[in-house]
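# Close look at the chain arrangement
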Amino acid sequence: MDFALTSEQQRLQRIARQFAYTELWPAAQRLDKAAAPRDAFPASLVRRASELGLRTITIPGEYGGPGAGLLTEVVVMEEIATGDCGFAMTLAHAWREGSLLARWTTPEQRERFLPEFLADPGYLTALASTETHAGSDHGLPYAGDLTAGPQTTAVADGDCWVINGRKRFITNGNVARLVVVWARTETGRPWTEGTSGFLVPAGTPGLQPGRTEDKLGLRLNQNTELVFTDCRVPGANLIGELNRGYQLSEASMAGSKAREAARALGVARSAYELALAWARQRVQGGQAIIGHDLIATRLAGVLQEIELARTLIWRAAWAVDHDPERSRPLEDFAMLYASEMGVRAVTQCLRIFGARGSLRDWPMEKLVRDAATIMLPPIGNEAAWIRAARFIRQHGEPDPLVRSDGPDGLTLPFTPPAD
Ligand SMILES: Cc1cc2nc3c(=O)[nH]c(=O)nc-3n(C[C@H](O)[C@H](O)[C@H](O)COP(=O)(O)OP(=O)(O)OC[C@H]3O[C@@H](n4cnc5c(N)ncnc54)[C@H](O)[C@@H]3O)c2cc1C
């Protein structure tokens, strides 16, 4: 087993860390405090990240990107999230939708959309699924339930599709140049059988960003409504097969939860690094507080959890890259562990700052807000637990994950004694 990163992974990690520590972190402290959510959008940092090659890392080599695998992505994501987790989420959409454009569209669609995506350093994307009545159910989903999942519709009209509906909580909704939207193309069927994906360029008549949400944390990340009113897109903007949008959404979401987990890890790491530095400076009882065993062991506990989370995230990312059949629960576990660990880590570190942990011009309160907000998307943690439980139920004995080298048909001899 080799945990060493390749020289290319180390190169990207260094670039991301330098950017996160010297440019992103200082700017994020200021932008996070903007009163209007729209003013927190870091347009110049998006362009800077593009210059450094960080916006397009998932684009395959044949289209001019480095074609990073998921392990590379989570390594880079952790660094960026250490600088600011909301910004990391903004960028994660460019990674995911960029990859969707490169891998899941037709050659004609790629020719239309990829060159601009690659060339314009400010080009961001959005993926619109959630609606007022459709939330976790898009990730579970509830088989056969017509009311579950998105209710936005796309109706064929000549050689166009006409989209109507209202999406909620859409990352980059007000700044994206291209929106991937999931809409019902068969309203008489459940969303898993009657939904399709469409590419909708910003500025298309009938597509309008609505309210920008005023969130607790991840404030650099723009989160808006998207309103579709008789929004016409050419038939050629349908992604993949008609009515197979759910399947496409699931396939193109591979890696999302590992990225989410890496963002939580980044927040925990910034909290740890700050608390360690403060524990070395702050003197009580005639010595730096790190000299008091309870402080040092508290920090050690946080570090242990950071290591555990990173190991699980790397394992899940490796599985997505090499063993996709078994990767889904590992990604769920990584996201569940890391997002909940992030809240624990930040809370432990907050205590090391004493009263200063509560001050708005000190950094910990932002990290508490960010860690709490990470626990919410992309599907609620309860929904992720349900998915993991379903995987175990569906796979009989022995379940294919419990042995690290995969299932082999052997079971421990066990006949319940008569009772
Ligand atoms: C920062 C941020 C960015 C986002 N970006 C996007 C985006 O880019 N695109 C997009 O489409 N959406 C986005 N979302 C929305 C996100 O996908 C939804 O918030 C998520 O799917 C959960 O839906 P909901 O908020 O409606 O919660 P609900 O589905 O209403 O769930 C409420 C609570 O009930 C729990 N729950 C739900 N079902 C069950 C069940 N069967 N058993 C037990 N508990 C259950 C949930 O875990 C949660 O705790 C974003 C949200 C946030 C906060």
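Rules of the game
Residues numbered from 1 in each chain as written. Predicted model: local features only at pLDDT ≥ 70, side-chain atom pairs only at ≥ 80, totals over all residues. Heavy atoms only, no water. Domains from an automatic or database assignment. Buried area = accessible area lost by both parts, 1.4 Å probe. Salt bridge = Lys/Arg side-chain N within 4 Å of Asp/Glu carboxyl O. Polar contact = N/O pair within 3.5 Å; in protein donor to acceptor, adjacent residues only side chain to side chain. Axes fitted to C-alpha atoms, helices over the stretch in contact; angles between N-to-C directions. Helix = DSSP H or I, 4+ residues; strand = E, 2+ residues; numbered from the N terminus. Left-handed = near helix turned anticlockwise from the far one by under 90°. Contact = heavy atoms within 4.5 Å. Nonpolar A, V, L, I, M, F, W, Y, C, P; charged D, E, K, R; others polar. Buried < 20%, exposed > 50% of the residue type's maximum accessible area, 1.4 Å probe, protein only. Near = heavy atom within 4 Å. Areas by Shrake-Rupley, 256 points an atom, 1.4 Å probe, with all protein chains shown as cover. Core = buried A, V, L, I, M, F, W, Y, C linked by side-chain atoms within 4.5 Å.

### Brief notes about the domain arrangement of the protein chain
- Structurally, the protein chain comprises domain 1 (7-123), domain 2 (126-243) and domain 3 (254-394).
- Regarding the contact of domain 2 and domain 3, the summed buried area is about 880 Å², with carbon and sulfur atoms giving 62% of it.
- Ranking the residues of domain 2 by area buried against domain 3 places Leu140, Leu216 and Leu218 at the top, with a combined share of 56%.
- The interface formed by domain 2 and domain 3 contains zero salt bridges.
- Counting across the domain 2 and domain 3 interface gives four residue pairs in polar contact (both at pLDDT 80 or more).

### Remarks on the packing of helix H4 (residues 85-104) against helix H5 (residues 107-119)
- In the contact formed by H4 and H5, the axes pass within 10 Å of each other and the chain directions differ by 145 degrees. Handedness of the H4/H5 crossing: left-handed. Across from Ala94, Gly98, Leu101 and Ala102 in H4, the residues of H5 making contact are Arg110, Phe113, Leu114 and Phe117.
- Of the residues assigned to the contact of H4 with H5, the class counts are six nonpolar, one polar and one charged.

### Structural notes on unusual backbone geometry
- You will see that Phe169, though not glycine, has its phi angle at about 60 degrees, which is positive.
- Within the secondary structure layout, Phe169 lies in strand S3 (residues 160-171).
- On the accessibility criterion, Phe169 (44% relative accessible area) is partly exposed.
- Here Asn243, not a glycine, exhibits a phi torsion of approximately 70 degrees, which is positive.

### Quick notes on the site of the ligand
- What surrounds the ligand is a group of 22 residues, the closest being Leu127, Thr130, Ser136, Phe169 and Glu382.
- Contacts to the ligand include Thr130, whose side-chain N or O atom sits 2.7 Å from a nitrogen atom.
- Contact between the ligand and Ser136: an oxygen atom at 2.7 Å from a side-chain N or O atom of the residue.
- In the complex, 68% of the free accessible area of the ligand, which totals 980 Å², lies under the protein chains.
- Those elements that provide at least two residues to the shell around the ligand are H4, strand S1 (125-128), S3 and helix H11 (381-394).
- The class makeup of the residues in the shell around the ligand is eleven nonpolar, nine polar and two charged.
- Residue contributions to the shell around the ligand reach at least three from each of two domains, namely domain 2 (126-243) and domain 3 (254-394).

### Remarks on the pattern of salt bridges
- Throughout the structure, instances matching the rule amount to 34 salt bridges.
- A salt bridge links Glu108 to Arg112, with the shortest nitrogen-to-oxygen separation between them at 3.6 Å. Taken together, the residues span about one helical turn, with Glu108 and Arg112 both in helix H5 at a distance of four residues.
- Under the relative-accessibility criterion, Arg112 is labelled partly exposed at 33%.
- The partner of Glu116 in a salt bridge is Arg177, and the shortest N-O contact between them spans 2.5 Å. Here the residue Glu116 occupies a position in helix H5, and Arg177 occupies one in the loop between S3 and strand S4 (178-184), the gap between them amounting to 61 residues.
- For Arg177, a relative accessible area of 31% translates into the label partly exposed.
- In the salt-bridge network here, residues are joined through shared partners; they are Arg17, Glu78, Glu79, Arg269, Glu273, Glu307 and Arg310.

### Thoughts on the nonpolar core
- Residues Val74, Ile80 and Phe87 are the most contacted members of the largest nonpolar core, which totals 90 residues.
- The element that contributes the greatest number of residues to this core is helix H7 (residues 256-281), accounting for 13 residues.
- The contacts of Val74, once residues within four sequence positions are left out, are Ala258, Arg259, Ala262, Ile313, Trp314 and Ala317.
- Core analysis: the second largest hydrophobic core is formed by 18 residues, Trp161, Val181, Ala183 and Val233 among them.

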